[in-house]
Amino acid sequence: MISNYFFINFIRFVLLVLVQVLVFNRLNFFGFINPMVYILFLYWYPIKEKRAAFIGLSFLLGLSIDFFSDTMALHAASTTTIAYLRPAIMRFIFGVNLEFQSFKLSNSTKAQQFTFLTLLIVVHHFVFFTLEVFSLINILLILKKVLIISLATLILCLLFGTLFSVKKE
Amino acid sequence: MQQIINFLIRYKHFLLYILLMLISLGFTIQSHSFHQSKFFNSANWLTGNIYNTSFNISTYFDLDKENEKLVNENKRLRHLLFNKKNEIQIALDTANISYTISSGQIIKNSYADQRNYLTINKGKKDSIKQDMGVITDKGIIGIVENTSGKFATVQSILNEHSNINAKIKNTNHFGSLVWNTKSYTTVQLIDIPKLVPLHNGDTIVTGAMSSIFPENIPIGTIKKFDLDLSENFYTIDVSLFNDMTNVKNVYIINSLNREEILELESETINND
């Protein structure tokens, strides 16, 4: 069972990196919208797995995207942040349900899943564009980018989510 | 001691997060103040080969258009060649030439970020070195930043750090070409004095001050110009000749005199 999880997550990791850098980084919709669908890795990652490994893995995921897109460690920083904040976000959304042994993401309501994904994306994009622009004078630019690109990422993540839904986990 | 260990165990996730965050923040802040990191770029073996494979697949789809571009360029060059007035044959001696040109192809393009880098499929093995100029038939693209065996990253002119010497065509008024990160079709030419007569549509070309690019390589045309805050210099919006979203075949310029120029300049500074 453990090796199965490991295997699935490994495949997911590689595929999401490739899809991100070869397809979505080249999208440039309206000249600047590049959705970041690799966040789905953090959305799909098993809840009960070790937290330290999860944070480390997310850092590696961000770093691999950074290597491809020449962005130094922007993706790594923002992905590590949401990996660290994920338990807090989940407690906020799923509340006491999270404590049950039988809790699974697929068992929760659609609204909860949607909010969870949205929060992950918004926090990620906020950290990402703050670090990328790196000046408070351009706060409007940051907010504009966060808003528009979050929306694009959310739509694509929802589409991907329905395409490759994880019923078994 | 026990308490310290307990503290470490209790906050291990937080500490791990802080550690990883500090590493990434270190890299990020470095990228804001300095040039691209030596090993942290897409010119390495793995990423280069993945991009190259993807490029090899997608390159067939626009062969027609690329061919047309190359034919048009050949046509223009032949036109220049046939209409050359004085046919003085100088023996092509390596002592007489100051630039050599090699060709390459862009395998990764980017223009939506603040600091855009391109990757080309030529590297150290093709004697590509740092600080070589990269152009297309229409105009300049950027400057080679890092090289690996088979690949190189190019700092695009659409990059916060980009700073290229440029001038107004047929004059000697020069300024610096920078990018304000707003639009991928326009770059800014700054430090042109107020007394220079400007007109919308004037052509901007590379200046002679650069030891990277030859003089008079086209860049773009003046779209709009305003005085900057000090009211002494113009800030000029230059619309690029190159469509930066659609570039593929590029030429890499090796300036043979660059080392000599740099050496001389540093000597002069040291002597002061």
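Scroll up for the structure.
Source: prediction; values computed, not measured.

Enquirer: What am I meant to see in the nonpolar core here?
Expert: If you look at soluble globular proteins, the nonpolar side chains tend to sit buried side by side. Leu40, Tyr43, Phe94 and Phe116 of chain A are the most contacted members of the largest nonpolar core, which has 66 residues in total. When contributions to this core are tallied by element, the ones reaching two or more residues are helix H1 (2–22), helix H2 (40–44), helix H3 (51–69), helix H4 (74–94), helix H5 (110–133) and helix H6 (139–163) of chain A together with helix H2 (12–33) and helix H3 (45–58) of chain B. Sorting elements by how many residues they give to this core places H4 of chain A first, with 10 residues. Not counting residues within four places of it along the chain, the set of residues in contact with Tyr43 of chain A comprises Arg86, Leu105, Gln113, Phe116, Leu117 and Leu120 of chain A.

Enquirer: Which parts of the structure should I look at to understand H3 of chain B?
Expert: Note: α-helices contain 3.6 residues per turn, so residues at a spacing of three or four share the same orientation. End to end, H3 of chain B covers 20 Å across 14 residues, agreeing with the expected 20 Å (1.5 Å per residue, within 8%). Where H3 of chain B starts, the residue carrying a side-chain oxygen 3.3 Å from the main-chain nitrogen of Leu46 of chain B turns out to be Asn44 of chain B.

Enquirer: How do you make sense of the pairing of strand E12 (residues 249–255) of chain B when you look at a structure like this?
Expert: Residues and elements named next belong to chain B. Relative to E12, strand E1 (residues 99–108) runs antiparallel, the two sharing 7 bridges. Within E12, the position partnered with Tyr99 by the bridge is Ser255. Where strand E3 (residues 133–135) lies against E12, 3 bridges are found, and the strand directions are antiparallel. The residue bridging Gly133 from the neighbouring strand is Ile253, located in E12.

Enquirer: It is not clear to me how the interface of chain A and chain B should be interpreted in this structure. Could you clarify?
Expert: By a widespread convention, an interface's size corresponds to the accessible area lost as its parts come together. In this complex, chain A contributes 35 residues to the contact, which on the side of chain B involves 37 residues. Both faces combined, the contact of chain A with chain B buries some 3200 Å², and carbon together with sulfur accounts for 67% of it. The interface formed by chain A and chain B holds 1 salt bridge in total. The salt bridge involving Asp70 of chain A is made with Lys108 of chain B; its shortest N-O contact spans 2.9 Å. At the level of elements, H1, H3, H4, H5 and H6 of chain A are the ones that each hand at least two residues to the side of chain A that touches chain B. The greatest single-element share of the side of chain A that touches chain B, amounting to 10 residues, is contributed by H3 of chain A. Partitioning the side of chain A that touches chain B into residue classes produces 21 nonpolar, 8 polar and 6 charged.

So, how was this worked out
- Starting from 1, residues in each chain are numbered consecutively following that chain's sequence as written.
- Numbering of ligands from 1 and lettering of chains from A proceed in the order in which they are written.
- This being a predicted model, a pLDDT of at least 70 is required before a residue's local features are given, and a value of 80 or more before pairs of side-chain atoms are given or counted; all residues contribute to the totals for chains, interfaces and linings.
- Processing note: side-chain calculations cover all non-hydrogen atoms of the structure and skip hydrogens and water entirely.
- By convention a nonpolar core is built from buried Ala, Val, Leu, Ile, Met, Phe, Trp, Tyr and Cys residues, the set being connected through side-chain atoms within 4.5 Å.
- Three exposure classes are used, based on accessible area relative to the maximum for each residue type with a 1.4 Å probe and protein chains only: buried under 20%, partly exposed in between, and exposed over 50%.
- We count a stretch as a helix when DSSP gives it H or I for four or more residues in a row; a strand needs E for two or more, and each element gets its number in order from the N terminus.
- Only heavy atoms matter for contacts: two residues are in contact if any of them lie within 4.5 Å across the pair.
- To estimate how far a helix should extend, the number of its residues minus one is multiplied by 1.5 Å.
- Polar contacts here mean pairs of N or O atoms no more than 3.5 Å apart (in protein, one a potential hydrogen donor and the other a potential acceptor; neighbouring residues in sequence count only if both atoms are side-chain atoms).
- In this analysis, strands are considered paired if DSSP registers two or more bridges between them.
- Buried area: the accessible area, evaluated with a 1.4 Å probe, that two parts lose upon being put together, summed over both parts.
- By convention in these notes, a salt bridge is any Lys or Arg side-chain nitrogen within 4 Å of a carboxyl oxygen on Asp or Glu.
- Note on residue classes: Ala, Val, Leu, Ile, Met, Phe, Trp, Tyr, Cys and Pro are nonpolar, Asp, Glu, Lys and Arg are charged, and everything else, Gly too, is polar.

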